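Residues per chain, in single letters:
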Amino acid sequence: MAKQYSPSAVEKSWYSWWESAGYFGADPASTKPPFVIVLPPPNVTGALHIGHALTVAIEDAMIRWRRMSGYNALWVPGVDHAGIATQVVVEKKLMRERKLTRHDIGRDKFISEVLKWKDQYGGTILGQLRRLGASLDWSRECFTMDDQRSKAVTEAFVRLHKDGLIYRDYRLVNWDCTLLTAISDIEVDHLELKEETMLKVPGYSSPVQFGVLISFAYPLEEGLGEIIVATTRIETMLGDTAIAVHPEDKRYKHLHGKHAIHPFNGRKLKIICDAVLVDPTFGTGAVKITPAHDPNDFEVGKRHNLEFINIFTDDGKINSNGGAQFEGMARFAARVAVIDALKEKGLYKDTKKNEMNLGICSRSNDVVEPMIKPQWFVNCHTMAKAGLDAVRSKKIEIIPQQYEQDWYRWLENIRDWCVSRQLWWGHRVPAWYVTLEDEQLNDLGSNNDRWIVARNECDAMLEAQKKYPGKKFQLNQDPDVLDTWFSSGLFPLTVLGWPDDTADLRAFYPTSVLETGLDILFFWVARMVMMGMQLGGDVPFQKVYLHPMIRDAHGRKMSKSLGNVVDPLEVINGTTLEDLLKRLEEGNLDPNELSVAREGKKKDFPDGIAECGTDALRFALISYTSQSDKINLDIKRVVGYRQWCNKLWNAIRFAMGKLGDHYAPPATIVVSSMPPVCKWILSVLNKAIGKTVTSLEAYKFADATSAIYSWWQYQLCDVFIEAVKPYFFNDSQEFDSARAACRDALWVCLDNGLRLLHPFMPYVTEELWQRLPQPKDSCRKTSIMISEYPSVVKEWADDKLESEFGIILDTVNKLRSLKPPTDTNERRPAFALCRGEDIAATVQCYQSLVVSLSSVSSLKILAESDETPPDCSTAVVNKDLSVYLQLQGALNAEVELEKLRKKRDEIQKLQHALSQKMEASGYREKAPPSVQEEDMRKLTAFFEQLRVIGEAEKKLDA
């Protein structure tokens, strides 16, 4: 064995061996119970980030644990075509490298550019998943736009349309003027503005003013004066078609049914009464109505049958409806021009700061513009109710449970989902528009009744012939594509072969658990539940586990523009600062972003990143999951686990030396005849196994890693291995049977400990497990990943022994704490003052173990009547036991008194808190008798400890 653990050497070849041996595969014909996870498909646009690494670490731990526990474990890999994200990246690349837009090269050539990009980066992602040790069933790998998935998307659209759940309508949508497409509500980030704020908006050279309320007047007809209104989007007044007041507002009773006159185009704006929208106490109590550009006004427009006037072009300029004075201006340039024109007419009143919520597209950072567009929508109400019922009835369990309330809130207030996107990359909408012979084609889509939804053009043609018998017509497919989340929402079904009735679908649907980031609970999880129940007839998974979001060590969200995104491979392989900066320059950042990102990298990683390996990264990420909503990732913690892997390595090296070349583990071990330290290590191993399994079952992954780490580090390495060394360094025959028992216990610990750890650290555990000797006459599995996961052994449990060892290890720690920092190898005499026969017997029994572990020269047991020796530093273990270390000239009375004072303060705080609890009203009536007895015992022990400390202080003062 190599002297040092090297991640790259260990992780080099195991994965390809596991994969070629077929260990990752699942068989739909198996009689084992299924355990199924669908990997949230990473976007095809780029490389995996650290959030994906967390997903892989958790999901692979679950899959490996279940596989080892006798389940037919299936983990399905796939990648997502990521419509908007991919199109944006490829468009940026085209502009940067060839100064071309997608329109310059046309739809077909653009799609081929995207496919080239997909072939380049899709491979990167799959390679990274392998590096992370993901035991995915690669035989089932899929892509959201492969033939099978595309067929399924079309089928889903056709079925939902047939069921009346998909329809086309003119509705207000979130329009992105940069991407020239509608986006869904949940692709809109909301920026909270408290006051006037100047913001950078794509396409504008100067920052744009937001967070203000502008008041202006509309002149009234018949010389009735004017009516003052206010708005945060003054440019939209070009599309105003009414002014609303509250029916009970006395100030405007005389104006009901009258009109205001638009100052720039003479349009008559009716004064309408609307109690739903208007709050008479806010502002002037009069509200301008722009039905085509505001969600509330849109509803008012429908209620009062108002005209809907769109004043914007798709790219956010004022169109001819806005009037010749403003036509062609960019919307935020028009904002300034409208104010100037109102001032000229004496109608401008004032501008005040105003708190507001600004919608920003999460993809382009452009300000979202509400616009009326004909789009395809999914009616979500009945499906959302089914999703609500599934969680309420516990058919689906959300973990952590706190996110159930978010689920209810979102699904109870769900709006219909706009699923069409004005993009080129994605699943084309399977709908054809019928243009009759005598009609102009330029009004494609203007009549919603003319759409034919079908699986293909032939079916559409047959349907159209039925609908328009004997008429000549032309069919044109909708150029729009479907929202990426539409195909992702079908993923648990489509990866298993839906809509076909496959063996996989019968064996593995519904899946067992959906593990993902809490940020896509609605983007993705809710859509899968709605579509899975509607089309698959059952929930798509039984549990949803939401992991925390990873932030950088400073708690900031990871973003490319800040330069704080961590590539898992850079942590696994290690990298220099120079290479980190080089990678930034290869990205898609603009010069300003690049400058910020470079500074961020230099500050966070001045010396680059040390090589940590996959195992350390996975273990660190999982251990962080106890932080429920955010993980502030510090790479130093990953480095710490890399060093811990070296400790495991050395433990096995020690064991191999002590077991010897000819050691063969027995088929069974007899615990009763073993030395106490062997019985103890097996008892605490048993506890660690129990804690790990119950934690995994409860999805408390950090508790599982903590149980395993604590056992390996603090019990096996720090205590057991140190405690048994004397048996191996002494060849005396009297130790033969103890030595043999220690060998057996050591082997059992390492075999169980490595199998326990394997789901979290697959590589190093396989490497070390393969080196362990095989038991006699047993058919050992070829790999740790298909061996059995440890389970609790009743015979190993020994609570009494663990309690005794707890006292002994406390004694050892107290004696170690008494050593002066200047002592390196010096061993000094120690004393244990025992108040009672039982404690004296316990210390006597483990006397040699205390001497060995605490590195003292001797341990003398004193009774209460014995004099404590002079020049001693002292510590209280518990009320029955104090320890002393003879410092002979090295004793500093002041330092020792300070230690005792701190201990006194600590115990007094605990005593005070307990006394307050016991004196609280209702304690005697409500607390169970067993709790009251335990509290009284603790309180007595605190008083006793304070008495012992008092005596020690007197001695030092004397």
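Residues numbered from 1 in each chain as written. Predicted model: local features only at pLDDT ≥ 70, side-chain atom pairs only at ≥ 80, totals over all residues. Heavy atoms only, no water.

J.: Explain the overall build of the chain to me, please; I cannot follow it from the model alone.
T.: The helix and strand tally for the chain stands at 31 helices and 33 strands. Out of the 958 residues belonging to the chain, those deemed buried represent 53%. Here the chain has roughly 42800 Å² of accessible surface; of this, 50% comes from carbon and sulfur atoms. Counting 119 positive and 130 negative side-chain charges, the chain places the centres of these two groups 0 Å from one another. (Helix = DSSP H or I, 4+ residues; strand = E, 2+ residues; numbered from the N terminus. Buried < 20%, exposed > 50% of the residue type's maximum accessible area, 1.4 Å probe, protein only. Areas by Shrake-Rupley, 256 points an atom, 1.4 Å probe, with all protein chains shown as cover. Lys, Arg positive; Asp, Glu negative; His and termini not counted. Charge placed at Lys NZ, Arg CZ, Asp CG, Glu CD.)

J.: Honestly, the pairing of strand β1 (residues 34-38) in this entry has me stumped. Any pointers?
T.: Consecutive side chains along a regular strand alternate between the two faces of the sheet. Most of β1 sits out of view: four of its five residues are buried. Sheet analysis places β1 next to strand β2 (residues 72-76), joined by five bridges and oriented parallel. Across the sheet, Phe 35 pairs through a bridge with Ala 73, a residue of β2. (Pairing = 2+ DSSP bridges.)

J.: Looking at this structure, how should I read the domain arrangement of the chain?
T.: Accessible area lost on assembly of the parts is the figure often given for the size of an interface. Domain parsing of the chain yields domain 1 (156-185 + 375-382 + 402-483), domain 2 (212-354) and domain 3 (633-797). Taken together, the contact between domain 1 and domain 2 spans six residues of the former and 10 residues of the latter. In total, domain 1 and domain 2 occlude about 570 Å² of area from one another, counting both sides; carbon and sulfur atoms represent 71% of this. For the domain 1 face of the interface with domain 2, the top three residues by lost area are Leu 172, Trp 175 and Cys 177, together amounting to 76%. One can count zero salt bridges joining domain 1 with domain 2. Joining domain 1 to domain 2, the criterion identifies one residue pair in polar contact (both at pLDDT 80 or more). (Domains from an automatic or database assignment. Contact = heavy atoms within 4.5 Å. Buried area = accessible area lost by both parts, 1.4 Å probe. Salt bridge = Lys/Arg side-chain N within 4 Å of Asp/Glu carboxyl O. Polar contact = N/O pair within 3.5 Å; in protein donor to acceptor, adjacent residues only side chain to side chain.)

J.: What am I meant to see in the pattern of salt bridges here?
T.: Side chains that differ in sign of charge can pair as their charged atoms come close. Within this structure, the stated rule accounts for 60 salt bridges. The residue Arg 556 makes a salt bridge to Asp 604 at a minimum N-O spacing of 3.8 Å. Of the two residues, Arg 556 sits in the loop between β28 (549-551) and α17 (568-573) while Asp 604 sits in helix α19 (residues 591-604), which places them 48 residues apart along the sequence. With relative accessibility at 32%, the residue Arg 556 sits in the partly exposed group. Where Lys 725 meets Glu 722, a salt bridge forms, and the shortest distance between an N and an O atom there is 3.0 Å. Here Lys 725 and its partner Glu 722 are both found in helix α23 (residues 701-729), three residues apart, which amounts to about one turn of the helix. On the accessibility criterion, Glu 722 (34% relative accessible area) is partly exposed.

J.: I would appreciate a short explanation of the nonpolar core in the present structure.
T.: In a soluble, globular protein the nonpolar side chains are often hidden away together inside. If you look at the biggest cluster of nonpolar residues, it comprises 153 residues, and the most contacted ones within it are Leu 633, Trp 712 and Phe 760. Per-element tally for this core: the top contributor is α23, with 14 residues. Not counting residues within four places of it along the chain, the set of residues in contact with Leu 633 comprises Ile 50, Ile 550, Arg 551, Asp 552, Ala 553, Met 558, Leu 621, Tyr 624 and Val 638. (Core = buried A, V, L, I, M, F, W, Y, C linked by side-chain atoms within 4.5 Å.)

J.: Help me understand unusual backbone geometry in this model?
T.: Negative phi values dominate among residues other than glycine, just as trans dominates among peptide bonds. A cis amide bond, omega 15 degrees, links Trp 498 with the succeeding residue Pro 499. That bond from Tyr 509 to Pro 510 is cis: its omega, 0 degrees, falls within 30 degrees of zero. Examined against the element boundaries, Pro 510 turns out to sit in the loop between α15 (503-508) and β26 (511-517). Positive phi outside glycine occurs at Ala 82, with the angle close to 50 degrees. Along the chain, Ala 82 turns up in the loop between β3 (78-79) and α4 (83-98). Even without glycine at this site, Asn 305 takes up a positive phi of about 55 degrees. In this structure, Asn 305 sits in the loop between α8 (295-304) and α9 (331-344).

J.: I would appreciate a short explanation of the sheet that holds strand β14 (residues 268-273) in the present structure.
T.: Backbone hydrogen bonds hold the strands of a sheet together, and the pairing may be parallel or antiparallel. Taken in spatial order, the four strands line up as β13-β14-β12-β15 in an open sheet, and their pairing is mixed. The open sheet has two edge strands, β13 (259-261) and β15 (286-289), and neither has a second partner. On average, each strand axis in the sheet is tilted by 30 degrees relative to the strand beside it, whichever way the strands run. The sheet contact formed by strand β12 (residues 242-245) and β14 spans four bridges and is parallel. For Ala 244, the partnering residue across the bridge sits in β14 and is Ile 272. (Axes fitted to C-alpha atoms, helices over the stretch in contact; angles between N-to-C directions.)

J.: Can you walk me through the sheet that holds strand β30 (residues 829-834) in this structure?
T.: Read from one edge to the other, the open sheet built from four strands follows the order β31-β30-β33-β32, with strand pairing classed as mixed. Both edges of this open sheet fall to β31 (858-863) and β32 (872-878), since each of them pairs with a single strand only. Adjacent strand axes in the sheet meet at a mean angle of 20 degrees when their direction is disregarded. Where β30 lies against strand β33 (residues 881-886), five bridges are found, and the strand directions are antiparallel. Note on β33: the bridge partner recorded for Leu 833 is Ser 882.

J.: Is there a simple way to explain the side chain of Arg 267 in this structure?
T.: Tracing the backbone shows Arg 267 in the loop between β13 and β14. Polar contacts involving the side chain of Arg 267 include one to the main-chain carbonyl oxygen of Leu 238, which spans 2.8 Å. Within the local environment of Arg 267, its side chain forms a polar contact with the backbone oxygen of Asp 240, the two atoms lying 3.0 Å apart. Look past the residues within four positions of Arg 267 in its chain and what remains in contact with it is Leu 238, Gly 239, Asp 240, Thr 241, Ala 260, Ile 261, His 262 and Ile 309.

J.: It is not clear to me how the packing of helix α21 (residues 635-659) against helix α24 (residues 736-757) should be interpreted in this structure. Could you clarify?
T.: Relative orientation and spacing of two packed helices are given, respectively, by the angle between their axes and the distance between those axes. Interaxial distance between α21 and α24 falls to 11 Å at its minimum, and their mutual angle equals 150 degrees. By the angle between their axes, α21 is roughly antiparallel relative to α24. The way α21 lies across α24 gives a crossing that is left-handed. Taken together, the residues of α24 that come into contact with α21 (itself represented by Trp 644, Leu 648, Ile 652, Phe 654, Ala 655, Lys 658 and Leu 659) are Arg 743, Leu 746, Trp 747, Leu 750, Leu 754 and Leu 757. When its residues are assigned to classes, the contact of α21 with α24 shows 11 nonpolar, no polar and two charged. (Parallel < 35°, antiparallel > 145°, perpendicular 65-115°, else oblique. Left-handed = near helix turned anticlockwise from the far one by under 90°. Nonpolar A, V, L, I, M, F, W, Y, C, P; charged D, E, K, R; others polar.)

J.: I keep staring at the packing of aromatic side chains and nothing clicks. Help me out?
T.: For any pair of aromatic rings, the description rests on two quantities: the centre-to-centre distance and the angle between the ring planes. Within the structure shown, the criterion is met by 32 aromatic pairs. Ring plane angle 55 degrees and centroid distance 5.4 Å describe the contact between Tyr 204 and Phe 332, whose orientation is recorded as tilted. Within this pair, whereas Tyr 204 is found in the loop between β8 (197-199) and β9 (208-210), its partner Phe 332 is found in helix α9, the two being separated by 128 residues in sequence. Taken together, Phe 157, Trp 376, Trp 417, Tyr 433, Trp 451 and Phe 486 form an aromatic cluster joined through their ring pairs. (Phe/Tyr/Trp six-rings, centres within 6.5 Å; stacked < 30°, edge-to-face > 60°.)

J.: Looking at this model, I keep getting lost on the environment of Asn 825. Mind explaining?
T.: Looking at the element boundaries, Asn 825 is found in the loop between α26 (799-818) and β30. Judged by relative accessible area, which is 70%, Asn 825 ranks as exposed. Each C-alpha atom of the pair Asn 825 and Val 856 lies 9.7 Å from the other, and the pair is 31 residues apart in sequence.

J.: Sorry if this is basic, but what is going on with the packing of α26 against helix α28 (residues 847-854) here?
T.: Taken N-terminus to C-terminus, the directions of α26 and α28 make an angle of 40 degrees; their axes are 9 Å apart at the nearest point. Judged by the twist between their axes, the crossing of α26 over α28 is right-handed. The segment α26 lies against α28, with Phe 805, Ile 808, Leu 809, Thr 811, Val 812, Leu 815 and Arg 816 engaging Leu 849, Val 850, Leu 853 and Ser 854. Taken together, the residues that form the contact of α26 with α28 break down as eight nonpolar, two polar and one charged.

J.: Help me out: how do you make sense of the state of the cysteines in this one?
T.: Covalent bonding between the sulfur atoms of two cysteines is what defines a disulfide. Under the criterion given, the structure shown has zero disulfides. The thiol of Cys 177 is unpaired, and the distance to the nearest cysteine sulfur, on Cys 361, comes to 10 Å. Considering cysteine sulfurs only, Cys 742 is the nearest to Cys 678, which forms no disulfide, with 3.7 Å between them. Under the relative-accessibility criterion, Cys 678 is labelled buried at 0%. (Disulfide = S-S within 2.5 Å.)

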